[in-house]
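A structural walkthrough
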Amino acid sequence: MKRVFLETYGCQMNVADSELMAGVLERAGFTLTGRPEDADAIVLNTCAIREHAEQRVLGRLGDFARLKAARPGLVVGVAGCMAQHLRAKLLDQSRVLDLVVGPDGYRHLPELLRRAADEPVAHVRLDRDETYGDLEPRRGDGVRAWVTIQRGCDKFCTYCVVPYTRGRERSLPLADLVRQVREAVARGFREVVFLGQTVNSYHDGTHDFADLLRAANALEGLLRIRYTSPHPADVGERLIAAMAECPRVCPQVHLPLQSASDRVLEAMRRTYTLDHYRGVVKRLRDAIPGLGLSTDIIVGFPGETEEDFERTCDYMAEVRYDSAFLFKYSARPDTRAHRLPETVSEEEKGRRLTRLIDQQQAISAEINAEWIGREVEVLVEGPARRTPEQLTGKSPQFKTVVFPGDGTRPGTLRRVRVVGATSQTLLGAAVVAAAPRLLPIG
Ligand code: SF4
């Protein structure tokens, strides 16, 4: 067995985990292929956060059943949160599967794939000590490197399956992370995004998250630093000061709110109130001028009344996020909220979601329109997806900027004047640096 096809679902943590798996496999002599038809083994790296994500993977396994019927030696595996969530049940349910491997089993992937060629294998033991800090991921192309700094979660929000699928929180040693960032910069990456379920609760026993930001800020060749997602209860003064004082740390925070009703926040066990959250936003905005702010919201949590929902609409109008990821509540087996009776119909969840999307789109469009006429610094990523004759990149606030192609190479910082805007994108014209004025001689 030599060639592996790896397909990723879900969040950036999963994308980073796939890069980790790719590194493990390549070091063991496997090669990665971009086509399942060419593979000796297929691994789906899955997500369990919403039922819909699991349904997509089950559908995809149907496609691979047909491939396997033609090539019975093909090994098919499921990795990640869905593997951990459903465990051996997956092997029983799906006759196409040979391997189920949870998020703490990736170090053993080469050996597991070899064993799975002979008999079905499940490796779903959670390991409190596994951080993969010593393993080098095989990063994809681009200007942005995703670096997992922490695994698991200790918060146990009542709707969330992550603490059960990824285990308890543990942080990678700061020295390993600095080495990873240095290597990424040496390979040409210009931006690093630190990843963790509650990234700002990072602590390796000696250093906290503010120390990590300051250490990364001191690295030569790195242009930008971002992180996702912080927990509002853990945003302290040290973090805010590090953001304000480190020029390479971007003025951008994705700060999940989930609901603006204290009653719902308590039922979700989010461990903060709206007042606390409001205070965090104020301190961040006071310390970091031009802060880009985004969030996650869940509508239709069990017990959410019309009044609770209105509070969320009102607060979102007050705080004016640059953007928001908005979701309908999806009950997940094994979580505490799964035991709560659902009080909001699917139809009503849909109505609330549509209303919030419309409201947020209008706010995003207004905020982006305020950028027209101003200059932004863009880290160029390459040709725009829809209009390849144009270039695209992100502003420090993580806004997508598109501007006419002028040969600027990916990984370069470019000043762009904003000449138009939609709710999603800033449209720009590259600023030509003024020629130095010649002083008259004599
Ligand atoms: S903080 Fe809450 S929502 Fe986020 S991963 Fe942990 S349990 Fe899930």
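Residues numbered from 1 in each chain as written. Predicted model: local features only at pLDDT ≥ 70, side-chain atom pairs only at ≥ 80, totals over all residues.

The subject of this paragraph is the overall build of the protein chain. Broken down by element type, the protein chain carries 13 helices and 19 strands. Against the 2.2 N^0.38 benchmark of 22 Å for 442 residues, the protein chain shows a C-alpha radius of gyration of 23 Å, consistent with a compact globule. Along the first, second and third principal axes, the C-alpha atoms of the protein chain reach 85 × 60 × 45 Å. Going through the 442 residues of the protein chain one by one, you find that 44% of them count as buried. (Helix = DSSP H or I, 4+ residues; strand = E, 2+ residues; numbered from the N terminus. Rg over C-alpha atoms; globule rule 2.2 N^0.38 Å. Buried ≥ 20, exposed ≤ 12 C-beta atoms within 10 Å, placed from the backbone.)

Pairing geometry for strand β15 (residues 375-383) and strand β18 (residues 413-421), over five bridges, is antiparallel. Across the sheet, the residue bridging to Glu375 is Arg417, located in β18. Across five bridges, the pairing between β18 and strand β19 (residues 425-430) is antiparallel. Residue pairing for β19: Ala421 is matched across the bridge by Leu426. (Pairing = 2+ DSSP bridges.)

Now for unusual backbone geometry. A cis amide bond, omega -10°, links Thr228 with the succeeding residue Ser229. Relative to the assigned elements, Ser229 resides in the loop between β11 (224-228) and α9 (237-245). A positive phi angle, close to 70°, is found at Thr271, a residue other than glycine. Structurally, Thr271 can be placed in the loop between α10 (262-268) and α11 (274-287). Even without glycine at this site, Phe398 takes up a positive phi of about 70°. With respect to the secondary-structure elements, Phe398 resides in the loop between β16 (390-394) and β17 (400-404). The class of Phe398 is partly exposed, set by 19 C-beta atoms lying within 10 Å.

For β11, the tally of buried residues reaches five of five residues, placing the bulk of the element in the interior. Of the two faces of β11, the one holding Arg224, Arg226 and Thr228 and the one holding Ile225 and Tyr227 are both buried throughout. As defined by bridge partners, strand β10 (residues 191-195) adjoins β11 across five bridges and the pair is classed as parallel. Bridge pairing in β11 places Val192 opposite Ile225. In the classification by handedness, the crossover that spans β10, the intervening helix α8 (residues 209-217) and the parallel β11 is right-handed. (Right-handed = clockwise from strand over helix to strand, strands pointing away.)

Okay, helix α13 (residues 346-369) next. Helix length check: α13, at 24 residues, gives a terminal C-alpha distance of 34 Å against a target of 34 Å (1.5 Å per residue), a fit within 8%. Where α13 is concerned, the buried positions are Lys349, Arg352, Gln360, Ser364 and Asn368. On its buried face, α13 is in contact with β13 (292-299), α12 (306-319), β14 (323-328), β18 and β19. (Expected span 1.5 Å × (residues − 1). Contact = placed C-beta atoms within 7 Å.)

Our next topic: helix α5 (residues 109-116). Listed as buried for α5 are Leu109, Leu112, Leu113 and Ala116. Down the axis of α5, the buried side of the element spans an arc of 100°, and every buried residue falls inside it. Where α5 is buried, its residues meet α1 (12-27), β3 (41-46), β4 (75-80), β5 (99-101) and β6 (121-123). (Arc of directions from axis to C-beta.)

Reading across the sheet, the three strands line up as β7-β10-β11 and stay open at both edges, with parallel pairing between neighbours. What marks the edges here is a single partner per strand, and that holds for β7 (144-148) and β11. Geometrically, the sheet is characterised by an average inter-axis angle of 25° between neighbouring strands, direction not taken into account. The sheet contacts of α1 involve β7, β10 and β11, and relative to β7 the element is tilted by about 90°. Of the strands in this sheet, β7 and β10 are in contact with helix α7 (residues 174-186), which crosses β7 at around 165°. (Axes fitted to C-alpha atoms, helices over the stretch in contact; angles between N-to-C directions.)

Another point: the domain arrangement of the protein chain. Along its sequence, the protein chain is carved into domain 1 (3-123), domain 2 (139-250), domain 3 (263-270 + 290-369) and domain 4 (375-430). A straight line from the C-alpha centre of domain 1 to that of domain 4 covers 36 Å. (Domains from an automatic or database assignment.)

Every residue near the ligand is listed here: Cys153, Lys155, Phe156, Cys157, Cys160, Val162, Pro163, Gln197, Thr198 and His231. When grouped by side-chain class, the residues that make up the shell around the ligand number six nonpolar, three polar and one charged. (Near = placed C-beta within 6 Å. Nonpolar A, V, L, I, M, F, W, Y, C, P; charged D, E, K, R; others polar.)

In sheet architecture, strand pairing relies on hydrogen bonds along the backbone and comes in two forms, parallel and antiparallel. Taken together, the five strands give a closed barrel; going around it, the order is β15-β16-β17-β19-β18, and neighbouring strands pair in mixed fashion. Taken over all neighbouring pairs, the strand axes of this sheet differ in orientation by 50° on average, direction set aside. Examined bridge by bridge, β16 and β17 share five bridges and lie antiparallel to one another. Directly across from Gln390, in β17, lies its bridge partner Pro404.

A few words on the nonpolar core. Grouped together as the largest cluster of nonpolar side chains are 119 residues, with contacts concentrated most on Met21, Val147 and Val192. Looking at which element gives the most residues to this core, the answer is α1, with seven residues. (Core = buried A, V, L, I, M, F, W, Y, C linked by C-beta atoms within 7 Å.)

This paragraph deals with the packing of α12 against α13. The description of two helices packed together rests on the angle between their axes and the distance between the axes. Close contact between α12 and α13 brings their axes to 11 Å; oriented N to C, the two are set at 10°. As summarised for this structure, α12 and α13 are arranged roughly parallel, according to the angle between their axes. Of the residues in α13, those in contact with Phe309, Cys313, Met316 and Ala317 of α12 are Arg352, Arg355, Leu356, Gln359 and Gln360. In terms of residue class, the contact of α12 with α13 is made up of five nonpolar, two polar and two charged. (Parallel < 35°, antiparallel > 145°, perpendicular 65-115°, else oblique.)

This part is about the environment of Phe156. Take Phe156: it is sitting in the loop between β8 (150-151) and α6 (162-165). For Phe156, a count of 13 C-beta atoms within 10 Å corresponds to the partly exposed category. Residues Phe156 and Arg269, spaced 113 residues apart in sequence, show a C-alpha to C-alpha distance of 7.5 Å. Look past the residues within four positions of Phe156 in its chain and what remains in contact with it is Pro163 and Arg269.

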